[in-house]
Amino acid sequence: MKLYIGNKNYSSWSMRPWVLLRQFGIAFDEVMVRFDSFDAGSTFKTTLAGLSPTGKVPLLVDDDGLVVWDTLAMAEYLAERHPEHALWPRDARQRARARSLCAEMHAGFTRLRTVCPMNIEAFFPDVGARLWAEDGALRADVARLDAAWSDALAGSGGPFLFGPFSAVDAYFAPVAVRLSRFGLPLSEAAAAYRDALLAHPAVEDWVADALREQDFIAE
């Protein structure tokens, strides 16, 4: 199968399925589509034309041509296609909680996404400190993340949210990058989880690739 992604330095959404595939050793070809522009005539948009109904990345194209264009759907499809791997927790109750957390991340935390964009090669602790002091909505997003992570970890014992690494951890990997780059404060348990994500081999591989890109985009 093929996974179409954007620049690794910036594309938080692309990071999720890439890390998941890499973690479980599922073979795929990576197709990087550079963020040259998001205008209709850009190389980015024209490359995806005819493949994706949304014109966005990531995009999973299976061997038979099936196109999956949503990251949650990708996680579900990969889990169904590869039942030999525990992409989701095996326990039904834990699986329901993991899916709930993924859905919450998928649709929420708007302020964190807006004011702390992913930019792997750069660190912004001064900006993070100012935002933390001034932005109550950002503090609320981080507080909710902290509570969700701490609760799951207390139940599982870690090191990941439901014990072994699963789709929900791949989902939160880009958040760990944002929190670390902006130096946003976390409780001891949540900080340990953030660090475990950043030290995961698949996440480290993505970050290393991002640092090698040296492709800096003003937007």
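Residues numbered from 1 in each chain as written. Predicted model: local features only at pLDDT ≥ 70, side-chain atom pairs only at ≥ 80, totals over all residues. Heavy atoms only, no water.

Some words on the environment of Phe172
Then, in step 1: Topologically, Phe172 is positioned in helix H8 (residues 167-182).
Then, in step 2: Put simply, Phe172 and Gly6 are 166 residues apart on the chain and 18 Å apart in space, counted from C-alpha to C-alpha.
Then, in step 3: In this structure, Phe172 is in contact with Leu101, Met105, Leu145, Trp149, Leu161, Tyr193 and Leu197, ignoring residues within four places of it in sequence. (Helix = DSSP H or I, 4+ residues; strand = E, 2+ residues; numbered from the N terminus. Contact = heavy atoms within 4.5 Å.)

Section: the packing of aromatic side chains
Then, in step 1: Within this structure, the stated rule accounts for 9 aromatic pairs.
Then, in step 2: Summarising the aromatic geometry, the rings of Phe35 and Phe38 are spaced 5.3 Å apart at their centres and angled 55 degrees between planes, so their arrangement reads as tilted.
Then, in step 3: Judged by its relative accessible area of 12%, Phe35 is buried.
Then, in step 4: On the accessibility criterion, Phe38 (40% relative accessible area) is partly exposed.
Then, in step 5: Judged by centre distance (5.7 Å) and plane angle (80 degrees), the rings of Trp149 and Phe172 are edge-to-face. Within this pair, whereas Trp149 is found in helix H7 (residues 136-156), its partner Phe172 is found in helix H8, the two being separated by 23 residues in sequence.
Then, in step 6: Residue class for Phe172 comes out buried when judged on its relative accessible area of 1%.
Then, in step 7: An aromatic cluster is defined as three or more aromatic residues linked by ring pairs; in this entry it consists of Trp18, Phe28 and Trp206.
Then, in step 8: In this arrangement the basic side chain of Arg16 is found over the ring face of Tyr171, its NZ or CZ atom lying 3.9 Å from the centre. (Phe/Tyr/Trp six-rings, centres within 6.5 Å; stacked < 30°, edge-to-face > 60°. Buried < 20%, exposed > 50% of the residue type's maximum accessible area, 1.4 Å probe, protein only. Lys NZ or Arg CZ within 6 Å of the ring centre and 35° of its normal.)

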